[in-house]
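Chains, contacts and geometry: an overview
Listed below, chain by chain, are the residues.
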Amino acid sequence: MAYLVSHPDEVKVLSYRFGQGATSIDKYLELDGYKSARKAIEMGPEAIIAEMKTSNLRGRGGAGFPTGLKWSFVPKQSAKPKYVLVNGDESEPGTCKDRLIFEHDPHSVIEGVIIAGLAIGSKMGFIYLRGEYRYLLKIMEKAIEDAYARGFLGKNIFGSNIDFDVVSHTGAGAYEVGEESALMESLEGKRGIPRIRPPFPAVVGLYGGPTIINNAETLASVPHILRIGGAEYAKLGTERNGGTRLFALSGHVAKPGVYELPMGYNLKKMIYEVGGGIPDGRALKAVVPGGSSCPCLLPKEIDIGMDFDQVAKAGSMLGSGGVVILNDTVCMVEFALRTMKFYQHESCGWCIPCREGTDWLKKTLTRFHNGGGEAKDIGNMRYLAQNMLGRTFCPLGDAAAMPTIAFLDKFRQEFEDHLNGKPCPFAHQPEAAMVGA
Ligand SMILES: Cc1cc2nc3c(=O)[nH]c(=O)nc-3n(C[C@H](O)[C@H](O)[C@H](O)COP(=O)(O)O)c2cc1C
Ligand code: SF4
């Protein structure tokens, strides 16, 4: 059971059922559950999509693409079946918010999938969970079973003339299958590598049919948007960034946890007020604002609103909302190495800049952190990372390169301090002792 936190600044739209036993379908119904799906049947596809556009909901999986717009790309007529996919792969280091939705409010995901299906004229949805979330699969499967038993899934849902089925599935624990087209390959039983685009999934997706794929949090937000209205939902956030989102605070922060805050909430306030600041009187060194692929921010750069546009303006990304806080005991060379170890391990190996680039970066950072670095390595690593950008088959290559460039540019002095056989200057710190180079 995930530990729940709370703060008075939270605006609990998405998380308001957390901790209330809403895995039970009766409790979910008592807390307004499945009302939005019934409403959506009456509204019809066009009105649902219009409401989604009004809400300014942007995808919570990382890229922040407007959800209503994505749904509108699906052709109305299709010879092949259309599908709705829930991306619950949640594997980016620092990101741990979808699991709370599956654990505490699984029906909201099912209800979101039904509404998305009604919007695009699909009769089938898939809920894809990361391999390590098998324990959540039990909760999800029970919820699906209960929804079938009540007639909310299956034939003639809610007594209408519409059929809709939902199937759950787990991956084998690969970050890459969180990438939408690799997820479709995996779901079809193939190796989880990305597809060439175009065509895009909205036109040619799962089994060649038009498909929308959304993050679990995105879809779980959908019933709430119909419940409170798109315009009200939009007002909770900032311009072009509607609503609230689940921010996962981790690292060197007094009160780590997942908090639901309005889009645009100030990052500094999030760390010092919501998160209770940096423990043990230590100073803040850097913040990774949206999961490991997002370039880190320095303390002087954190007085910004946490929405997609403001974080991009500050030179990073809001990503999947995983805020990792680092204090002044962290060796940034080691942190860069840990980050690269992840990407090197998770690279699917299909394209050379990513497969070779992540491996070279990992090897160089390992040698560097162990005191075997040469001055030219700093420039070489930057050059290598720069040349991976935009040259890989899917964004995993960028996700490895972008944070590396920020570490090298913002913490160059620390890299230089490791030169000439010098031991890591942070080796006496407990965090540095955890290095597994
Ligand atoms: C390597 C990689 C991993 C990804 N992992 C996830 C993931 O675990 N969950 C997710 O929702 N999106 C992930 N994405 C983004 C998806 O490709 C896709 O943009 C997203 O599911 C769209 O949903 P949204 O519009 O609701 O954000 C990943 C992308 C890449 C390149
Ligand atoms: S960028 Fe990396 S993960 Fe993506 S296709 Fe290329 S090798 Fe695979």
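Just above sits the structure.
Residues numbered from 1 in each chain as written. Chains lettered and ligands numbered in written order. Predicted model: local features only at pLDDT ≥ 70, side-chain atom pairs only at ≥ 80, totals over all residues. Heavy atoms only, no water.

Regarding the sheet that holds strand E4 (residues 211–215)
As a reminder, the rule being used: Pairing between two strands is assigned when DSSP locates at least 2 bridges connecting them. Labels follow the DSSP assignment, with helices taken as runs of H or I lasting at least four residues and strands as runs of E lasting at least two, numbered in each case from the N terminus. For helices, the fitted axis covers only the stretch in contact; all axes are lines through C-alpha atoms, and the angles between them, taken along N-to-C directions, range from 0 to 180 degrees. Note on contacts: a residue pair is in contact if any heavy atoms of the two residues lie within 4.5 Å.
An order of E3-E2-E1-E4 is seen for the four strands of this open sheet, with the pairing classed as parallel. Only two strands of the sheet have a single partner each, and these edge strands are strand E3 (165–170) and E4. The mean inter-strand angle of the sheet, taken between neighbouring strand axes irrespective of direction, is 20°. Against the sheet, helix H6 (residues 106–120) makes contact with strand E1 (83–88), strand E2 (124–129), E3 and E4, and its axis sits at roughly 145° relative to E1, the strand it touches most.

Examining helix H11 (residues 267–274)
Going by this rule: Three labels apply to residues, based on accessible area from a 1.4 Å probe with only protein chains included: buried if under 20% of the type maximum, exposed if over 50%, partly exposed otherwise in between. Taking the helix axis as origin, the arc is that swept by the directions to the C-beta atoms.
Buried within H11 are the following residues: Leu 267, Met 270, Ile 271 and Val 274. Down the axis of H11, the buried side of the element spans an arc of 120°, and every buried residue falls inside it. Summarising the contacts, the buried residues of H11 are in contact with strand E5 (244–251), strand E6 (257–262), strand E7 (284–288) and strand E8 (322–327). Gly 276 sits one or two positions beyond H11 and adopts a positive phi of about 75°.

Details of the side chain of Arg 17
Keep this limit in mind: The definition of a polar contact used here is a pair of N or O atoms within 3.5 Å, where within protein one atom must be able to donate a hydrogen and the other to accept one, and adjacent residues in sequence count solely through side-chain atom pairs.
With respect to the helices, strands and loops of the structure, Arg 17 is situated in the segment before helix H1 (25–30). Here Leu 31 takes part through its backbone oxygen, which lies 3.0 Å from a polar atom of the side chain of Arg 17. Residue contacts for Arg 17: discarding those within four places in its chain leaves Ala 22, Tyr 28, Leu 31, Asp 32, Gly 33, His 104, Asp 105, Ser 108 and His 224.

Considering the site of ligand 1
Keep this limit in mind: Neighbouring residues are identified by heavy atoms, a residue being near a molecule or strand if any of them is within 4 Å of it.
Around ligand 1 sit 19 residues, and of these Gly 61, Lys 70, Asn 214, Asn 215 and Thr 218 come closest. Asn 87 has a polar side-chain atom sitting 2.9 Å from an oxygen atom of ligand 1. Within the backbone of Glu 180, a nitrogen or oxygen atom sits 3.0 Å from an oxygen atom of ligand 1. Sorting elements by how many residues they give to the shell around ligand 1 places E4 first, with three residues.

Notes on the packing of aromatic side chains
Any aromatic ring pair is given by two values, namely how distant the centres are and how the planes are angled relative to each other. Keep this limit in mind: Any Phe, Tyr or Trp ring, taking Trp's six-membered ring, that has another such ring centre within 6.5 Å forms a pair; planes under 30 degrees apart are called stacked, those over 60 apart edge-to-face, and the others tilted. A ring is considered to have a charge above it if a Lys NZ or an Arg CZ atom is located within 6 Å of its centre and within 35 degrees of its normal.
Scanning all chains against the criterion turns up 14 aromatic pairs. A ring pair is formed by Tyr 34 and Phe 152, whose centres lie 4.6 Å apart and whose planes are at 45°; its orientation type is tilted. Of this pair, Tyr 34 sits in the loop between H1 and helix H2 (35–43) while Phe 152 sits in the loop between helix H7 (134–149) and E3, and the two are 118 residues apart along the sequence. Residue class for Tyr 34 comes out buried when judged on its relative accessible area of 0%. For the ring pair Phe 65 and Phe 73, a centre distance of 6.1 Å and an interplane angle of 50° mean the geometry is tilted. Taking the relative accessible area as the measure of exposure, Phe 65 reaches 36% and is therefore partly exposed. Each member of the aromatic cluster is reached from another via a ring pair, and the members are Tyr 28, Tyr 34, Phe 152 and Phe 158. Cation over ring: Lys 363 sits above Trp 360, and NZ or CZ is 5.9 Å from the ring centre.

Description of the pattern of salt bridges
Put simply, the rule reads: Just to be clear on terms, a salt bridge is a Lys or Arg side-chain nitrogen sitting within 4 Å of an Asp or Glu carboxyl oxygen.
Across all of its chains, the model carries 30 salt bridges by this definition. For the salt bridge of Lys 285 with Glu 414, the shortest nitrogen-to-oxygen distance reads 2.4 Å. A residue pair is termed long-range when its members are at least 10 positions apart, and Lys 285 in strand E7 and Glu 414 in helix H17 (residues 412–417) qualify at 129 residues. Given a relative accessible area of 10%, Glu 414 falls into the buried group. The salt bridge involving Glu 374 is made with Lys 376; its shortest N-O contact spans 3.7 Å. Classification of Lys 376 as exposed rests on a relative accessible area of 53%.

Examining the site of ligand 2
Rules: Cavities and pockets were defined on a 1 Å grid built from protein atoms only: a cavity is a group of points that admits a 1.4 Å probe but offers it no way out, a pocket is an open group of points flanked by protein on both sides within 12 Å along at least five of seven lines, and a lining residue is one with an atom within 4 Å of any such point. To be counted as sitting in a cavity or pocket, a molecule needs more than half of its atoms within 2 Å of that site's grid points.
Ligand 2 sits among 13 residues. The nearest are Cys 348, Trp 350, Cys 351, Cys 354 and Cys 394. Of all the cavities here, the one that holds ligand 2 is the largest cavity.

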